[in-house]
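Architecture at a glance
Here are the chains, one letter per residue:
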Amino acid sequence: MWRPPASLPPQPAAGEAAAALRRLAAFLGRALPLCRAHATQLYAAGLWQRLVAAPPDAVLRALRRPLREPSGAAGGEWDDDTFSNVFCENSKKLINVHLFALAAKYYSLSHLGVCTPLEELLKALGGDNQGSTGIKTDEFMNNKKSHEVQVMSELVDKIANYCGIKQVIDIGSGKGYLSSFLSMQYNLKVYGIDSSNTNTNGAHERNRKLKKHWRAYQSRARANPESQRLEKANDSPVQNEIKFKAVNERTLNNSCLQSQDQRTTQDLVPSCVFTEVTTSETSKQTEIDLVVQAQCNESELSEEALAILNVLPADAVEILSSSKCNSEELCEEEKAQRKMASIKAKASKSSESNLYFPLTSYITAETELGDIITDLEDCIMVGLHTCGDLAANTLRIFTAKPEIKAVCSVGCCYHLLSEQYENQEDCTEEVWGFPMCQYLKDKGWWCGRNARMSACLALERIAVGQMLPTESLFYRAVLQVIIEEIYGVTKSERHVGKIFSKSSSFLDYVRKSLKKMELDDSKLPDSCIMDYYEKYKHRMNELEAFNMLKVVLAPCIEVLILLDRLCYLKEQDNIAWSGLVKLFDPVKSPRCYAVIALKK
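Heads up: these notes are all about the structure in this document. Everything numeric here is computed off the predicted structure, so don't read it as measured data. (Residues numbered from 1 in each chain as written. Predicted model: local features only at pLDDT ≥ 70, side-chain atom pairs only at ≥ 80, totals over all residues. Heavy atoms only, no water.)

**Considering the environment of Tyr421**
What counts is decided by this rule: Only DSSP runs of H or I with at least four residues qualify as helices, and only runs of E with at least two residues qualify as strands; both kinds are numbered from the N terminus onward. Here, residues are in contact when the closest pair of their heavy atoms is within 4.5 Å. We call two N or O atoms a polar contact when they sit within 3.5 Å, provided that within protein one can donate a hydrogen and the other can accept it, with sequence-adjacent residues counted only if both atoms are side-chain atoms.
Considering the arrangement of structural elements, one finds Tyr421 in the loop between strand 6 (404-412) and helix 16 (438-443). The contacts of Tyr421, once residues within four sequence positions are left out, are Pro435, Leu440, Lys441, Gly444, Trp445 and Trp446. Within polar-contact distance, the side chain of Tyr421 engages the backbone oxygen of Lys441 at 3.2 Å.

See below:
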């Protein structure tokens with residue numbers, strides 16, 4: 001039975017969200033030349049002279065000093081006219097850096113007033129976490145992933161309880177961290193769908209290794225019943241608790257679950273890039289390590305280790321029976337424990353409510369979920385850092401499928417979004433990642449890949465002291481001048497990649513880069529390469545200032561994409577509540593905003 005949305009916190013009205021989008025789009029329309037420029041072209045295309053009127057040092061000073069309110073805007077009562085003089089009307093150059101920085105703050109989600117506080121939403125959803133077992137995610141996830149999974153899973157569980165549903169579909173589930181936690185911690189039935197066979201197989205492999213580890217673990221426990229009884233008699237309750245915690249930590253730390261999420265966040269590349277490499281040798285070595293660890297820990301094994309059953313997925317362990325074991329030799333306590341473990345195993349097999357099913361499928365807006373999930377029922381669709389168009393398609397599937405009662409989606413990889421109006425001659429697709437709402441469609445709005453790449457920059461991280469990689473970008477910008485002037489190459493399908501970290505000097509960097517780009521470096525003497533370095537090294541401050549301008553503007557571009565998605569939901573007739581919620585600490589997880597909606 002659906003509960004009315006009256007108890008949910010106030011949501012931004014459709015008109016309010018649309019007005020915020022229009023105001024932001026008007027400002028970004030003037031800032032687009034700066035958004036669409038790439039630091040690689042800074043020297044080759046003379047970007048600073050074309051786009052910024054002030055000298056680089058003046059820009060850096062303005063961005064580093066505290067923001068002051070503009071005259072006539074006491075009390076923070078700014079309006080769109082306040083920022084009308086940020087750019088020159090004729091030359092389109094940036095002329096007022098201080099107002100530029102204030103505008104970026106003015107058009108942030110918090111100032112636009114369209115963001116719902118997470119605490120208010122959690123309080124309104126109510127309910128308690130009856131499925132909670134106190135699992136510590138930091139034992140088998142890195143700090144970033146642990147933070148994301150804990151916060152998002154609590155919200156998803158409360159939404160599921162509010163809607164009276166038990167099934168969750170995790171789109172772009174990757175390695176299954178969120179899916180596994182929702183299943184283990186909150187007893188939800190989760191289908192994790194990912195387009196990568198590697199990720200899906202990795203999730204299955206993780207469960208298989210846990211089973212193998214548990215067999216060795218339990219085998220040692222049965223082989224040493226007498227030592228276990230002695231330990232039980234001699235250890236105090238506190239010692240037992242400490243010992244069990246240590247065994248548990250080693251169990252989890254040596255299992256496949258301890259593998260760190262390979263998504264790495266960098267300041268100047270999207271924070272969702274991840275790779276996963278699995279080899280048979282690694283798998284074999286991991287299995288050997290697990291068995292060796294179990295043997296090393298045999299003196300510390302106790303029957304209390306059976307409690308690990310409470311924190312593993314129902315299909316992650318098998319309770320093995322052995323005909324070689326003489327039940328008469330077991331003490332009554334051990335018999336009772338084995339009986340309880342058997343009951344747990346049978347209960348798990350008879351109830352599928354807390355299972356996690358990793359599936360492989362490429363999801364589009366036209367995907368029929370019933371063809372993938374045979375027992376599809378009323379459910380909530382979630383996505384934690386779904387890349388590119390997948391975040392947009394998640395919302396489209398949500399609005400189109402009656403079984404999906406709610407959605408909680410955190411997108412990322414904005415540079416991978418397809419844009420309907422970016423390349424007019426290539427408009428062959430029918431469904432695009434951007435724009436989604438009717439207003440931006442009517443305007444033919446497009447950001448461009450460089451602007452979308454800028455939206456992935458992490459302003460909050462830089463604000464707390466994480467520096468921009470200026471030197472590596474400087475190398476790349478000077479290299480661009482060389483390949484254009486010496487080789488006549490303005491566009492190449494081959495990319496330099498991460499050559500900087502493997503180079504001992506600028507000379508070495510250029511040589512390696514030219515070879516990777518398949519350009520003949522023999523025609524370029526060392527002296528010529530170093531002449532280019534000397535010519536531009538005094539202009540490195542241009543690059544630093546240019547990147548800082550893009551970093552300051554980055555949140556505005558992200559807000560445009562998020563508001564586009566929110567306004568799309570507001571245009572639908574079957575949505576009871578929709579909003580944007582800041583889920584994560586942006587220093588830990590820069591892509592921290594979720595698009596959340598519940599149907600009528």
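**What to know about the environment of Gly383**
Applicable threshold: Buried residues are those whose accessible area, probed at 1.4 Å on protein chains only, stays under 20% of the maximum for their type, while exposed residues exceed 50% and partly exposed ones sit between those limits.
Along the chain, Gly383 falls in strand 5 (residues 379-387). Given a relative accessible area of 0%, Gly383 falls into the buried group. If sequence neighbours within four positions are ignored, Gly383 has contacts with Met152, Asp170, Ile171, Cys408, Ser409 and Val410.

**Brief notes about the layout of surface pockets**
Counted only if it meets this: Think of a 1 Å grid over the protein atoms and nothing else: a 1.4 Å probe that fits but is trapped marks a cavity, an open set flanked by protein within 12 Å on at least five of seven lines marks a pocket, and residues with an atom within 4 Å of a point count as lining. Grid points are joined across faces, edges and corners, and a volume is the space filled by probe spheres set on the points.
Here the second largest pocket defines a volume of roughly 800 Å³. The wall of the second largest pocket is formed by 34 residues, among which Leu459, Glu460, Ala463, Val552 and Pro555 lie closest to the centre. Counting only elements with at least two residues in the lining of the second largest pocket, the list comes to helix 3 (56-64), helix 4 (97-106), helix 5 (109-112), helix 18 (459-463) and helix 22 (540-570). At seven residues, helix 22 tops the list of elements feeding residues into the lining of the second largest pocket.

**What about the packing of aromatic side chains?**
Operational definition: Planes of paired rings set the category: under 30 degrees apart is stacked, over 60 is edge-to-face and the rest tilted, where pairs are Phe, Tyr or Trp rings (Trp by its six-membered ring) whose centres lie within 6.5 Å.
Under the defined criterion, the tally for this structure stands at 15 aromatic pairs. With a centroid separation of 6.1 Å and an interplanar angle of 55°, the aromatic rings of Phe83 and Tyr107 are classed as tilted. Highlighted residues: Phe83 in the loop between helix 3 and helix 4 and Tyr107 in the loop between helix 4 and helix 5, separated in sequence by 24 residues. Residue Tyr107 is classed as buried on the basis of its relative accessible area of 1%. Look at Tyr475 and Tyr509: their rings are 5.3 Å apart centre to centre, the planes differ by 55°, and that puts the pair in the tilted class. Here Tyr509 lies in helix 20 (residues 506-516) and Tyr475 lies in helix 19 (residues 470-485), a separation of 34 residues in the sequence. Each member of the pair, Tyr475 as well as Tyr509, carries the same accessibility label: buried.

**Observations regarding the packing of helix 19 against helix 20**
The criterion, for reference: Inter-axis angles, ranging from 0 to 180 degrees, are taken between N-to-C directions of lines fitted to C-alpha atoms, where helices are fitted over the stretch in contact. In what follows, roughly perpendicular refers to angles from 65 to 115 degrees, roughly parallel to angles under 35, roughly antiparallel to angles over 145, and oblique to any angle outside these ranges. Should the near helix be turned anticlockwise from the far one by less than a right angle, the crossing is termed left-handed; should it be turned clockwise, right-handed. Only Asp, Glu, Lys and Arg are considered charged, only Ala, Val, Leu, Ile, Met, Phe, Trp, Tyr, Cys and Pro nonpolar, and every remaining residue, Gly among them, polar.
Running from N to C, helix 19 and helix 20 cross one another at 55°; their axes reach a closest spacing of 11 Å. Judged by the angle between their axes, helix 19 and helix 20 are oblique. Between helix 19 and helix 20 lies a crossing whose hand is right-handed. Contacts between helix 19 and helix 20 involve Tyr475, Arg476, Val478, Leu479, Ile482 and Ile483 from the first element and Phe506, Tyr509, Val510, Ser513 and Leu514 from the second. The class makeup of the residues in the contact of helix 19 with helix 20 is nine nonpolar, one polar and one charged.

**Things to note about helix 19**
Basically, it comes down to this: Helices are assigned an expected span. That span is 1.5 Å times one less than the residue count.
Given a rise of 1.5 Å per residue, 16 residues ought to cover 22 Å, and the 23 Å separating the end C-alpha atoms of helix 19 matches this to within 8%. Counting buried residues in helix 19 gives twelve out of 16 residues, a clear majority hidden from the surface. Listed as buried for helix 19 are Thr470, Ser472, Leu473, Phe474, Tyr475, Ala477, Val478, Leu479, Gln480, Val481, Ile482 and Ile483. Looking at the buried side of helix 19, the elements it contacts are helix 20, helix 21 (526-536) and helix 22.

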